[in-house]
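# Residue-level structural notes
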Amino acid sequence: MVSGPPAIELRAVARHFGERTALRDVSVTVAAGATLAVLGRNGAGKTTLLRILASLLRPHAGAVELLGEPVPARAHLIRGQLGLLGHEPLLYRDLSGRENLEYHARLHRVALERVDEVLEAVQMERRASDPVRLLSRGMTQRLAVARAVLHRPRLLLLDEPRANLDPGASDLIEPLIGRASGCTRVLTSHDPRSALAEADVVLALKDGRPAFVGDPAEFGEERLGALYA
Amino acid sequence: MRTAMVVLRKDLRLEMRTWETLPAMVLFALVTFVIFHFGLNRTTIDGQLAAGVLVVTLLFAAMLGINRLFVAEREQGGFDAFLLAPVDRTALLVAKASALFLFLVVLEIVAVPAFGLFLLGPSLGHALPGLILLLALANLALAVIGTFVSAIAVHTRARDLIGPMLGLPLLVPALIATARGAGPLLAASHAASTPPGKWVLILALYDVVFGLIAYAVFDFLLEE
């Protein structure tokens, strides 16, 4: 278990979409450098939670504190320290990988040399000039990882980060978004066992409500089975 | 300003890569002139009628650009990427309005001479300086209000309808001022070489007011 001041603190967070409750009463604390695995079936509220943490969605109730700042009130102070890897790669299909990364580097005021660094790290230098629409899903995902870590974020929000990646590519991105990155991480995965293996804290969501919050060792196969039943 | 330039450069690069917006705007304007030519059953037009035809055509062509302004942002995650960056969000308003302004300038570089050549009775030469002033002010109104409306519409399901339904009523005062200002310039008598000051002033005031409103509320329009 990693200890230290909390990088993430959620207190009774709720979010609705019209009549539908996407999240209710979610409270969890994650220490700096630790990994939070968010588990749950499709539609349980995992992506909504990640979007709230990314300050892309406002919670309708409760309090969110990220890296010591209340969100969304002071989200502008920490946006540059968040890296989001979601379902969408957030890359323009008609621009090349390099053009996309240079665009993001300029938005984040990162030196353009960093683009070469991350392209090399995901082994996309040779295809960097191809339009993204011509790349395979796996290659696009590698570029999305490069985009998410380009500005050296302190907090990584990872929604199915290894989707579309073969084992080799999965190993390739490990130093960037894995535990070795040293970042605080929030992780969702279609493979709950691998997410549990990486986690310091588990938040299991069922219909938007927390079914379990705590140590992964205490989560157990029985709860896992019940969560996905 | 620096961020706005980064986004604008990306938008222009995307347009030059795909040519999804500008050619459609230009073609629409040219086809509309042909339709007016046959619909009015006149070889040439002048005065207030000519001004109305020109301004209405440009307005509807602009709506095509307005509807497509945030398409890449919506479909390819550009909104999220921008909102995750530590930048002033109004830079997106400045960038998108500048892109639309430039598209309108290119549209007019093609459409206005074509209008002068095929539909307008009196020669365009003497009216051109006044017309450029009026169209520049009208473009500013179209760019600011178009970006504002497009940012509202993009989060709705009926975005293709919401854009024109919100945008056209808001643009009516600008349309009136531009058309009334251009009427004397396009008169067969060549009576005026500068547009009436009243309409220029109204257009300029309209630009300033909507520029300030859009600047004040744009940040909130980006929230989900």
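The paragraphs below set out a description of the structure included in this document. (Residues numbered from 1 in each chain as written. Chains lettered and ligands numbered in written order. Predicted model: local features only at pLDDT ≥ 70, side-chain atom pairs only at ≥ 80, totals over all residues.)

### A short note on the overall build of chain B
Convention followed: Runs of H or I in DSSP of at least four residues are treated as helices and runs of E of at least two as strands, each being numbered from the N terminus. We call a residue exposed when 12 or fewer other C-beta atoms sit within 10 Å of its C-beta, buried when the count reaches 20 or more, and partly exposed for counts in between; the C-beta positions come from the backbone.
Of regular secondary structure, chain B possesses 9 helices and 0 strands. Each helix (α) and strand (β) of chain B, taken in turn from the N terminus, gives the series α-α-α-α-α-α-α-α-α. For chain B, with 224 residues in total, the buried portion stands at 49%.

### Here we look at helix α2 (residues 22-40) of chain B
Residue and element names in this part refer to chain B. This is how it is decided: Residue count minus one, scaled by 1.5 Å, sets the expected span of a helix. Arc definition: it is the arc formed by the directions from the helix axis to the C-beta atoms. Note on contacts: residues are paired as contacts if their backbone-placed C-beta atoms lie within 7 Å.
With 19 residues, α2 ought to run about 27 Å at 1.5 Å a step, and its terminal C-alpha atoms sit 27 Å apart, in line with that. Taken together, the buried positions of α2 are occupied by Leu22, Met25, Val26, Phe28, Ala29, Thr32 and Phe36. All buried residues of α2 lie within an arc of 160 degrees about the axis, which places them on one face of the element. Away from its buried face by more than 90 degrees, α2 exposes Pro23, Val31, Val34, Ile35 and Phe38. Contacts from the buried residues of α2 go to α1 (2-18), α3 (47-68) and α6 (90-118). Looking one or two residues beyond α2, the residue adopting positive phi is asparagine 41, at roughly 55 degrees.

### Things to note about the interface of chain B and chain A
How we decide: Note on residue categories: nonpolar means Ala, Val, Leu, Ile, Met, Phe, Trp, Tyr, Cys or Pro, charged means Asp, Glu, Lys or Arg, and polar means any other residue, Gly included.
Every contact between the two is made by 21 residues of chain B and, on the other side, 22 residues of chain A. For the side of chain B that touches chain A, the elements supplying multiple residues, two or more each, are α1 and α5 (78-83) of chain B. Here the side of chain B that touches chain A takes 7 residues from α1(B), the largest share from any one element. The residue makeup of the side of chain B that touches chain A, split by class, is 10 nonpolar, 5 polar and 6 charged.

### A closer look at the sheet that holds strand β1 (residues 6-17) of chain A
All names here are of chain A. Cut-off, in case you're wondering: Pairing between strands requires that DSSP locate at least two bridges from one strand to the other. All axes are obtained by fitting lines to C-alpha atoms, using only the stretch in contact for helices, and the reported angles, taken between N-to-C directions, cover 0 to 180 degrees.
One open sheet accounts for 4 strands, arranged β2-β1-β4-β5; its pairing is antiparallel. The two strands at the open ends of the sheet, each matched to only one other strand, are β2 (20-31) and β5 (69-71). Going across the sheet, the axis of each strand differs from the next one's by a mean of 25 degrees, ignoring polarity. Alignment of β1 against strand β4 (residues 61-66), held across 5 bridges, turns out to be antiparallel. Considered in β4, the bridge of glutamate 9 is made with glutamate 65.

### Quick look at the environment of Arg41(A)
Position of Arg41(A) among the secondary structure elements: in the loop between β3 (35-39) and α1 (46-53). Separated by 14 residues in the primary sequence, Arg41(A) and Ser55(A) place their C-alpha atoms 23 Å from one another.

### Structural notes on the sheet that holds strand β7 (residues 155-159) of chain A
All names here are of chain A. Pairing is mixed in the open sheet, where 6 strands are placed in the order β6-β7-β8-β3-β9-β10. For this open sheet the edge positions go to β6 (82-85) and β10 (209-214), each flanked by a neighbour on one side alone. Neighbour-to-neighbour, the strand axes of the sheet open up by a mean angle of 15 degrees, direction not taken into account.

### Observations concerning the packing of α2(B) against α3(B)
Residues and elements named next belong to chain B. For clarity, the cut-off: Each crossing is labelled by how the near helix is turned from the far one, with a counterclockwise turn of less than a right angle marking it left-handed and a clockwise turn marking it right-handed.
Running from amino to carboxyl end, α2 crosses α3 at an angle of 145 degrees, the nearest separation of the two axes being 9 Å. Here α2 runs over α3; the crossing is right-handed. Counting all contacts with α2, which are made through Ala24, Met25, Phe28, Ala29, Thr32, Phe33 and Phe36, the residues of α3 involved are Val53, Thr57, Leu58, Phe60, Ala61, Leu64 and Gly65.

### What to know about the pairing of β7(A)
All names here are of chain A. For β7, a buried count of 5 out of 5 residues is recorded, marking the element as mostly surrounded by other parts of the structure. Along β7, one buried face is formed by Leu155, Leu157 and Asp159 and the opposite face, lined by Leu156 and Leu158, is buried too. As paired elements, β6 and β7 share 4 bridges and run parallel to each other. Considered in β7, the bridge of leucine 84 is made with leucine 157.

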